[in-house]
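# Architecture at a glance
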Amino acid sequence: MTITSAIYPGSFDPITYGHIDIVRRAKKLFPRLLIAIVANPNKSTLFTIEERMKITEAALAEVGLDGIQVISYAGLLVNCAKEHGVSAIVRGLRANSDFDYEFQMALTNRDLAPQFESVFFMTAGTYSFLSSSIVKEVCSYGGDVSAFVPESVKKALEEKLAEKRAERSSAGE
Ligand code: ADP
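Attention here is on the structure that accompanies the text. Every value quoted in this text rests on a predicted model; they were computed, and no experiment measured them.

### Observations concerning the nonpolar core
Judged by nonpolar contacts, the single largest core of 35 residues is most densely connected at Ile15, Val23, Ile35, Leu60, Val90 and Leu157. Counting residues per element, the ones that place at least two in this core are β1 (5-10), α1 (17-29), β2 (32-38), α2 (49-62), β4 (88-93), α5 (132-140) and α6 (151-170). Take this core: its biggest share by element is five residues, from α2. By size, the runner-up hydrophobic cluster in this structure holds 14 residues, among which are Leu34, Ala36, Leu77 and Val86.

What follows is the structure, encoded as structure tokens:
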């Protein structure tokens, strides 16, 4: 059986050029590619699930990547993969630090649902240090994140962080 469809799951809080690079390359192997954004109430995110979906869609449009469906999911990824009829799970690998966690997740997913292949894309050197957390941190200190995220994401980040600052100052923090 040839695998032609895949799901790329993650928090995407927010999407960065590192994620986009993986999407671009995964799209070459999997004509049908879905980005699945996790709505995990136990993990605190800067953006809500609805915002992350909107930001991701806008970023893909901005960089000219079309035909990629953006969905949200809660619970087990393999259930979401089953529901959407895909056959592979795409993840990106940066440094060694990603490996242990990704290895554990891939083996767990295989135990749960052996029909799905996990496929890993090695980061591009330029993005090996790039994470959503770093981007949020740089932006929160007023740094320019243009090299890390598309313009629409940068704008959303600046607005959100300004909103948070206003909330904090009105709460007298
Ligand atoms: P999660 O919270 O599930 O790790 P992320 O949104 O942080 O979600 O990342 C989703 C996937 O994208 C993960 O497999 C992660 O390793 C990968 N990824 C994130 N940033 C990069 C990058 N700069 N280069 C390559 N892969 C990346």
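Structure shown, so let's carry the discussion forward.
### Thoughts on the site of the ligand
Of all residues adjacent to the ligand, which total 17 residues, the nearest are Tyr8, Ser11, Lys43, Gly92 and Tyr127. The separation between an oxygen atom of the ligand and a polar side-chain atom of serine 11 is 2.6 Å. Within the side chain of arginine 94, a nitrogen or oxygen atom sits 3.3 Å from a nitrogen atom of the ligand. For the shell around the ligand, the secondary structure elements donating two or more residues are β1, α1, β4 and α4 (96-112). In terms of residue class, the shell around the ligand is built from six nonpolar, six polar and five charged.

### Brief notes about the pairing of β2
Buried residues dominate β2, accounting for six of its seven residues. Pairing of β1 with β2, which is carried by six bridges, proceeds in the parallel orientation. Looking at β2, one finds that isoleucine 7 is bridged to leucine 34. With α1 bridging β1 and its parallel neighbour β2, the resulting β-α-β unit is right-handed. Bridge count for β2 against strand β3 (residues 69-73) is five bridges, and the pairing is parallel. Note that in β3 the partner of isoleucine 35 across the bridge is valine 70. On the question of chirality, the crossover connecting β2 to the parallel β3 by way of α2 is right-handed.

### What about α5?
Every buried residue of α5 is accounted for by Ser132, Val135, Lys136 and Cys139. Relative to the axis of α5, the buried residues are bounded by an arc of 100° and lie together on one face. Its buried side turned inward, α5 meets α1 and α6.

Quick notes on the rules
Throughout, a residue's number is its position along its own chain's written sequence, starting from 1. Predicted model: local features are reported for residues with pLDDT of at least 70 only, side-chain atom pairs are reported and counted for 80 or more only, and whole-chain, interface and lining totals are derived from all residues. Values shown for side chains rest on all heavy atoms present in the structure; no hydrogens or waters enter the calculation. Residue types Ala, Val, Leu, Ile, Met, Phe, Trp, Tyr and Cys, when buried and joined through side-chain atoms within 4.5 Å, form a set referred to as a nonpolar core. Only protein chains enter the accessibility calculation, which uses a 1.4 Å probe; a residue whose area is less than 20% of its type maximum is buried, one above 50% is exposed, and one in between is partly exposed. For helices the rule is a DSSP run of H or I covering at least 4 residues; for strands it is a run of E covering at least 2, with both sets numbered from the N terminus onward. We call a residue near a molecule or strand whenever a single non-hydrogen atom of that residue lies within 4 Å of it. Polar contacts here mean pairs of N or O atoms no more than 3.5 Å apart (in protein, one a potential hydrogen donor and the other a potential acceptor; neighbouring residues in sequence count only if both atoms are side-chain atoms). Throughout, the ten residues Ala, Val, Leu, Ile, Met, Phe, Trp, Tyr, Cys and Pro are labelled nonpolar, Asp, Glu, Lys and Arg are labelled charged, and all others, Gly among them, are labelled polar. Pairing between strands requires that DSSP locate at least two bridges from one strand to the other. Crossovers are marked right-handed if the path from the first strand over the helix to the second runs clockwise, as seen with the strands pointing away from the viewer. Starting at the helix axis, one direction is taken to each C-beta atom, and the arc is that of these directions. Residues are treated as being in contact if the distance between any of their heavy atoms lies within 4.5 Å.

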